[in-house]
Amino acid sequence: MLEVFRARWILPIACPPIRNGWVAVDGHRIAALGGPGTEPPIAPRGDVLGAAILPGLVNAHTHLELSWMRGQVPPAPSMPEWVERLMALRRTGGPDGVEPVPEPIKDAIAEARAAGTTLVGDTTNTLATYDPLADSEVSAAVFRELIGFKVADARGVVAQARAELDALTKHERMQLSVVPHAPYSVSPELLRAIADAENVCVSMHLGESAEEMEFLKTGTGAWNTLLRNLGAMREDWKAPCCSPVDYIARHGLLTDRLLAVHCVQLDDDDLRKLADAGATVVTCPRSNRWTGAGVPPLERFYAAGVRVAVGTDSLASVEDLNLFGELALMRQLTPSVPPRALLESATRHGADALGFGGELGTIEAGKRAELIAVTLDGDVNGLNDDDVEAYLVSGITPDRVRWLA
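None of these values were measured; they are calculated from a predicted model.

(A) Seen up close, the nonpolar core. Core analysis: the biggest nonpolar cluster contains 121 residues, and Trp82, Leu133, Phe215, Leu274, Leu354 and Val374 have the highest contact counts within it. At 6 residues, helix α13 (residues 339-353) tops the list of elements feeding residues into this core. Residues in contact with Phe215, not counting those within four places in the same chain, are Phe149, Tyr184, Thr220, Trp223, Asn224, Leu227, Met233, Trp237 and Ala239. Ranked by size, the runner-up nonpolar core spans 15 residues in total, among them Ala7, Ile18, Val23 and Ala373.

Structure (structure tokens):
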């Protein structure tokens, strides 16, 4: 069924905003779009929306299985300290001694959807999020995360994880990969085995904390202590004396398939190497503030020319899964970065990085009609391109978002 939606603004992302534009939708696909002086294929549906229509947002880094921890892991002054708090809570087994907890996962997915999210990159240790995501309207790149600094048979571990994924019921909106957690929690052998596996993309925490940098440079510090306390430190492991990006490059993970999550501590040289490889930085500034990782150098991310996507991280380290909230903080931290670039990070760049660029992330003919309308305040006729883009990164609440078609 062909429908046409008109709005004061259309933000295709692939091109500049269109004032007083329209989008034609045929079934679940975008058929065409245009502006003043162009005729839609049929009469538009209803009144002109006092809103901006844009593609559904892409949350490129979540941990939905931790949603039951919402508000239960207090902020910490350092990343290792926050992780210890999270691990202590996780050892309790969750409500009623059962973890992960299905209902909070479903609620979190619904919350993200209500705030305009169409696609997530979800990292999971248990695959408990797969069925709830498959049953929802949200598309997902599901990352089966492996942790293990002491691993006897790395390739066997990867093969077992791959077999778990192969046993799942396949869905066209779902994509599956085996990924590592972080340089301080995954052995060199396991990193190489994951690099050799067949994955559309690989997401991993990288350069997140100052303690990670210390661990790779000297082998000492809080991560070493935590590994020893867990009985997971290897006596034969030698510090590589290099940066996180150089370290994963040695093990075959620095490619255009990489989503490097957080990157708070990376210097300009590391960012340039990520850009040269065609990798993507996924920034989660609200979570970084909560966990004690620090403030991400967002202006340096964009200046380096690396593709930047946006994630919320988990409800254990962020107030909500509203990606517009993430954009608002990014705008505060990076006043020199144009709002258009921030919106592209929350749409097209995330979709491309997660392997869904042909379907989502922009408003273009042939792509899926995953479109949201954001209600605009005030004199919408008096806004220009910069105004409407700045408005959309100023902090949009879910009550101002609705799905079209």
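(B) Up close: the state of the cysteines. Evaluation of the coordinates by the stated rule reveals 0 disulfides. With no disulfide of its own, Cys263 has Cys284 as its nearest cysteine by sulfur position, at a separation of 9.6 Å.

(C) Region of interest: the pattern of salt bridges. What the rule picks out here adds up to 26 salt bridges. Between Glu111 and Arg70 there is a salt bridge, with its nearest N and O atoms 2.8 Å apart. With Glu111 in helix α2 (residues 102-114) and Arg70 in the loop between β5 (57-62) and α1 (79-91), the pair connects residues that are 41 residues apart, well separated along the chain. The exposure class assigned to Glu111 is partly exposed, which follows from its relative accessible area of 22%. Here Glu103 ties to Lys106 by a salt bridge, and the two come within 3.6 Å at their closest N and O atoms. Of this pair, Glu103 and Lys106 both sit in helix α2, 3 residues apart, which is roughly one turn of the helix. It is possible to trace a salt-bridge network through shared partners that takes in Asp246, Asp269, Arg272, Lys273 and Asp276.

(D) Representation of the pairing of strand β11 (residues 280-283) in the model. Burial of β11 is two-sided: the residues Thr280 and Val282 facing one way and the residues Val281 and Thr283 facing the other way are all buried. Bridge count between strand β10 (residues 258-262) and β11: 3 bridges; the pairing is parallel. The residue bridging Val261 from the neighbouring strand is Val282, located in β11. Taken together, β10, helix α9 (residues 268-277) and β11 constitute a β-α-β crossover, and its handedness is right-handed. Relative to strand β12 (residues 307-310), β11 runs parallel, the two sharing 4 bridges. Bridge pairing in β12 links Val281 to Val308.

(E) Structural detail: the packing of aromatic side chains. A full pass over the atoms with the stated rule returns 4 aromatic pairs. Judged by centre distance (4.0 Å) and plane angle (5°), the ring pair of Tyr184 and Trp223 falls under stacked. Residue Tyr184 is located in the loop between β8 (174-180) and α5 (188-196), and its partner Trp223 is located in helix α7 (residues 222-229); the two are separated by 39 residues in the primary sequence. By the burial criterion, Tyr184 is buried, and Trp223 matches it. Ring centres of Phe215 and Trp237 lie 4.5 Å apart, and the angle between their planes is 5°; this geometry places the pair in the stacked category. Placement of Phe215 in helix α6 (residues 210-218) and of Trp237 in the loop between α7 and α8 (244-250) is noted, with a sequence separation of 22 residues between them. In this structure an aromatic cluster arises from ring pairing among Phe149, Phe215 and Trp237. Its guanidinium or amino end placed over the ring of Trp403, Arg113 lies 3.6 Å from that ring's centre, counting from NZ or CZ.

What counts, and at which threshold
Residues numbered from 1 in each chain as written. Predicted model: local features only at pLDDT ≥ 70, side-chain atom pairs only at ≥ 80, totals over all residues. Heavy atoms only, no water. Core = buried A, V, L, I, M, F, W, Y, C linked by side-chain atoms within 4.5 Å. Buried < 20%, exposed > 50% of the residue type's maximum accessible area, 1.4 Å probe, protein only. Helix = DSSP H or I, 4+ residues; strand = E, 2+ residues; numbered from the N terminus. Contact = heavy atoms within 4.5 Å. Disulfide = S-S within 2.5 Å. Salt bridge = Lys/Arg side-chain N within 4 Å of Asp/Glu carboxyl O. Pairing = 2+ DSSP bridges. Right-handed = clockwise from strand over helix to strand, strands pointing away. Phe/Tyr/Trp six-rings, centres within 6.5 Å; stacked < 30°, edge-to-face > 60°. Lys NZ or Arg CZ within 6 Å of the ring centre and 35° of its normal.

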